[in-house]
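What the coordinates show
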Amino acid sequence: MLPVVVVHGGAGHIPKERSDLSTSGVCSAVRSAYAVLQGGGSSMDAVVEAAMLLENNPSFNAGCGSVLNLKGEVEMDALVMDGKTLSSGAVSAVRNIANPVQLARLVMDKTSHACLTAEGASQFARSMGVPEVPQESLITEYSRMRWKKNLAPDANPVECQMGKMGTVGAVAVDTDGNVACATSTGGMLNKMEGRVGDTPCIGSGGYADNMSGAVSTTGHGEAIMKVTLARHILFHMEQGQSAEAASDLGLAHMKSRVGGLGGVVTVDPQGNWAARFSSRQMAWAAAQKGTLHYGLYTGEHFTQIIEDAH
Amino acid sequence: MMSAVLVVHGGAWSIPDEMAPASVDGVKAAARHGSSVLKSGGSALDAVEAAVRALEDNPTFNAGYGATLNIDGEVELDAIIMDGRTLASGAVSCVKNIANPVSLARAVMEKTSHIMLTGKGANQFAESIGINAIPTDKLVTEYEKKEWEKHKKYFAGVMEEFNTKWAHDTVGAVAVDCAGNVACATSTGGIRNKMVGRVGDSPVIGCGGYANNSSGAVSCTGHGESILKVTLARLILSHVEQGKSVADASRLSLQYMGDRVQGAGGTIVVSPSGQWAATFTTERMAWAAAADGVLWFGINPEERLNEKLSQ
């Protein structure tokens, strides 16, 4: 059953013309992450690898391709968590770096803190030799177009919803039985400057504990925070629910209690996994026992043999 | 009719003897103040905000006025407030030079569609609603300036052993009002000489605090990074959801935090039915509770003093 890695590229309403890009993006990321695991890499290495690839992929709302805040600028959040030690690293509202998830990992590995924000996060990045990148390199035509559209007072509400959610993330369990999660995002479309969503908040954007499993979430950030979705799902698993049932219970609770939609990828230390969502779509992919699994719309579950898997 | 209860804490750590009386006086005064809000029909949300404001204004505590300084000698403040009825919440992290971060957090909750604002964005929002930044020297006490000088020799970013002797007080309050609604609030200046931009547990929902009418409200203090690892506030309420008393839930959770991640701290909890607890695994925690006309308080382990609430 081990190792396993599951990634998501955001829950929400992905416009049809972009859905192929989302699907190929998550499949590609999961293949790389799986190769890391098969090569003896840790679950932390795998989830960071997946998240970094999705950050580099301009089709996703993370790193390059991040949505813009109200001022047309990029502010990013990320989280990593190690299920063995419960150590975590997070950055919030960080600017001008290509890979916030990598910086989050550095916070975990190189400081005695768990979260750095804004200017402090940038200072730390500089001290670690993480290159500063021009903001322009993170902004795509698409994100700029959506920003402009949503500035208008009469902005189209349906269009507004598209990608209002969307974040990338991954969970994995390696051959040692250690679980980990990673989540990264540009946040909410046209958010207020300095707005921090669920992603870098431990227990909301993600959580990992070798005793129960790992979760990475996506969806309406404020709703996820109100119910601390990742932690909520793992409470259910601690009480004996399967990864799939716990994920569904958590998403249903979020919908009924606070009216929010979203999606999660979940894994338990034995290698059982789930990719579940209450939104219209969520691009996801998983790799286990040499097989690639993926889907986009509710009920979809495609499989493919991973040729180079050993 | 439901009886209203309010509990406050002024931080869990090795409070030195010379600070103990001021700490106890401070939490008692804040509890009295918050409790009077409840008595006059105010909501749990109003009461926790009022109590925490009183603690922020008190230079004895590491929140608002009297906050510790980061490695650059600046004040960066975190706060959270949460409404157990709707699960609405507001938080600010690393906001500079604001006298009452808890009120700014409430404004985030009530005046924006977001839950958390950080750094410059939080300060800009404050300005936009007429909350002006105040000069650093109005927030920094001589004591904190001296402590900052003393600790400057330690490099930030180097792995350090944070033990309970280091000051990591924070302030907080939980309440249940006569309508049965619960709320929590937590506010802090963070760890002394922390890295610039360090965010601890206080403003993180589920960690520094959590409130849910179905189980209760919690505010935590102690070693922030440990509290984050176990999502302490949310953990305590999960035990309450499973049928544990607030006291047992608190004890179990703090025990777990000590065993699993070697962290110590303190918590205050109130249930929708008016049960309350103040628990800590650090050497001391200044706390006070107003319930049924009695003011309870303590600072040392097992201590439970009381006096009449109305004086």
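Going by the annotation in an unreviewed UniProt entry, the name recorded for chain B is Isoaspartyl peptidase/L-asparaginase, with Poecilia formosa given as the source organism. We quote the UniProt Sequence similarities (unreviewed entry) comment for chain B here in full: "Belongs to the Ntn-hydrolase family."

By the naming in an unreviewed UniProt entry, chain A goes by Isoaspartyl peptidase/L-asparaginase and is assigned to Poecilia formosa. The record held by UniProt for chain A lists under Sequence similarities (unreviewed entry) the comment "Belongs to the Ntn-hydrolase family."

Description of the overall build of chain A
In terms of helices and strands, chain A carries nine helices and 14 strands. For chain A, the C-alpha radius of gyration of 17 Å lies close to 19 Å, the compact-globule estimate for 310 residues. When its C-alpha atoms are laid out on the principal axes, chain A stretches across 50 × 45 × 40 Å. Burial statistics for chain A: of 310 residues in total, 66% are counted as buried. Summed over its atoms, the accessible surface of chain A is roughly 10,400 Å², and 52% of this surface lies on carbon and sulfur atoms. Side-chain charges in chain A split into 23 positive and 29 negative, and the spacing between the mean points of these groups amounts to 6 Å.

Comments concerning the environment of V230 of chain B
Here V230 of chain B is to be found in the loop between α7 (224-229) and α8 (232-241). Along the primary structure V230 of chain B and L77 of chain B are separated by 153 residues, whereas in three dimensions their C-alpha atoms are 22 Å apart.

So, the packing of helix α8 (residues 229-238) of chain A against α8 of chain B
Relative to each other, α8 of chain A and α8 of chain B sit at 35 degrees, their axes nearing to 11 Å. Considering how the two elements wind past one another, α8 of chain A and α8 of chain B form a crossing that is right-handed. Counting all contacts with α8 of chain A, which are made through R231, H232 and F235 of chain A, the residues of α8 of chain B involved are R234, L235 and S238 of chain B. Split into classes, the residues belonging to the contact of α8 of chain A with α8 of chain B amount to two nonpolar, two polar and two charged.

Focus on the UniProt feature "active site" (unreviewed entry) in chain B
Residue and element names in this part refer to chain B. Here, the residues flagged by UniProt with the feature "active site" (unreviewed entry) are T170. Inspection of the secondary structure puts T170 in the loop between α6 (142-151) and β5 (171-176). Residue T170 is classed as buried on the basis of its relative accessible area, which comes to 6%. In contact with T170, not counting residues within four places along its chain, are H9, G10, G11, N62, T186, S187, T188, S202, C220 and T221.

Quick word on the pattern of salt bridges
As enumerated under the stated definition, the model contains 24 salt bridges over all chains in all. The partner of E74 of chain B in a salt bridge is K96 of chain B, with the nearest N and O atoms 3.5 Å apart. One end of the pair, E74 of chain B, is in the loop between α2 (44-57) and β2 (77-83); the other, K96 of chain B, is in the loop between β3 (89-95) and α3 (101-111), and 22 residues separate them in sequence. With a relative accessible area of 30%, K96 of chain B lands in the partly exposed category. Through salt bridges that share partners, K71, E73, E75, R95 and E193 of chain A together with K120 of chain B make up one connected network.

Considerations on the UniProt feature "active site" (unreviewed entry) in chain A
Residue and element names in this part refer to chain A. Mapped onto this numbering, the UniProt entry annotates "active site" (unreviewed entry) at T167. One can find T167 in the loop between α6 (157-161) and β5 (168-173). With residues up to four places along the chain from it excluded, the contact list for T167 reads H8, G9, G10, N61, T183, S184, T185, T199, T217 and T218.

Concerning the sheet that holds β2 of chain B
With mixed pairing, ten strands are arranged side by side in an open sheet as β7(A)-β4(B)-β3(B)-β2(B)-β6(B)-β5(B)-β1(B)-β11(B)-β12(B)-β13(B). The two strands at the open ends of the sheet, each matched to only one other strand, are β7 (195-196) of chain A together with β13 (305-308) of chain B. As judged from the two bridges shared by β7 of chain A and strand β4 (residues 116-118) of chain B, these two strands associate in the antiparallel manner. Of the residues in β4 of chain B, the one forming a bridge with R195 of chain A is L117 of chain B. Contacting β1 (5-13), β2, β5 and β6 (182-188) of chain B, α2 of chain B crosses the sheet at an angle of about 160 degrees to β5 of chain B.

Here's the deal with the sheet that holds strand β10 (residues 276-280) of chain B
All names here are of chain B. The strand order across the open sheet built from four strands is β7-β8-β9-β10, with neighbouring strands paired in antiparallel fashion. Each having just a single partner strand, β7 (209-212) and β10 make up the two edges of the open sheet. Averaged over neighbouring strand pairs, the angle between their axes works out to 10 degrees when direction is ignored. Where β7 and strand β8 (residues 216-222) come together, four bridges link them in antiparallel fashion. Opposite A211, over in β8, you have A217 as the bridge partner. Contacts between α8 and the sheet are confined to β7, β8 and β9 (265-270), with β8 contributing the most and set at about 140 degrees to the helix. Relative to β10, helix α9 (residues 246-261) is tilted by about 20 degrees, and along the sheet it contacts β9 and β10.

Thresholds applied
Residues numbered from 1 in each chain as written. Chains lettered and ligands numbered in written order. Predicted model: local features only at pLDDT ≥ 70, side-chain atom pairs only at ≥ 80, totals over all residues. Heavy atoms only, no water. UniProt positions renumbered as here; feature names shortened; annotations may be inferred. Helix = DSSP H or I, 4+ residues; strand = E, 2+ residues; numbered from the N terminus. Rg over C-alpha atoms; globule rule 2.2 N^0.38 Å. Buried < 20%, exposed > 50% of the residue type's maximum accessible area, 1.4 Å probe, protein only. Areas by Shrake-Rupley, 256 points an atom, 1.4 Å probe, with all protein chains shown as cover. Lys, Arg positive; Asp, Glu negative; His and termini not counted. Charge placed at Lys NZ, Arg CZ, Asp CG, Glu CD. Axes fitted to C-alpha atoms, helices over the stretch in contact; angles between N-to-C directions. Left-handed = near helix turned anticlockwise from the far one by under 90°. Contact = heavy atoms within 4.5 Å. Nonpolar A, V, L, I, M, F, W, Y, C, P; charged D, E, K, R; others polar. Salt bridge = Lys/Arg side-chain N within 4 Å of Asp/Glu carboxyl O. Pairing = 2+ DSSP bridges.

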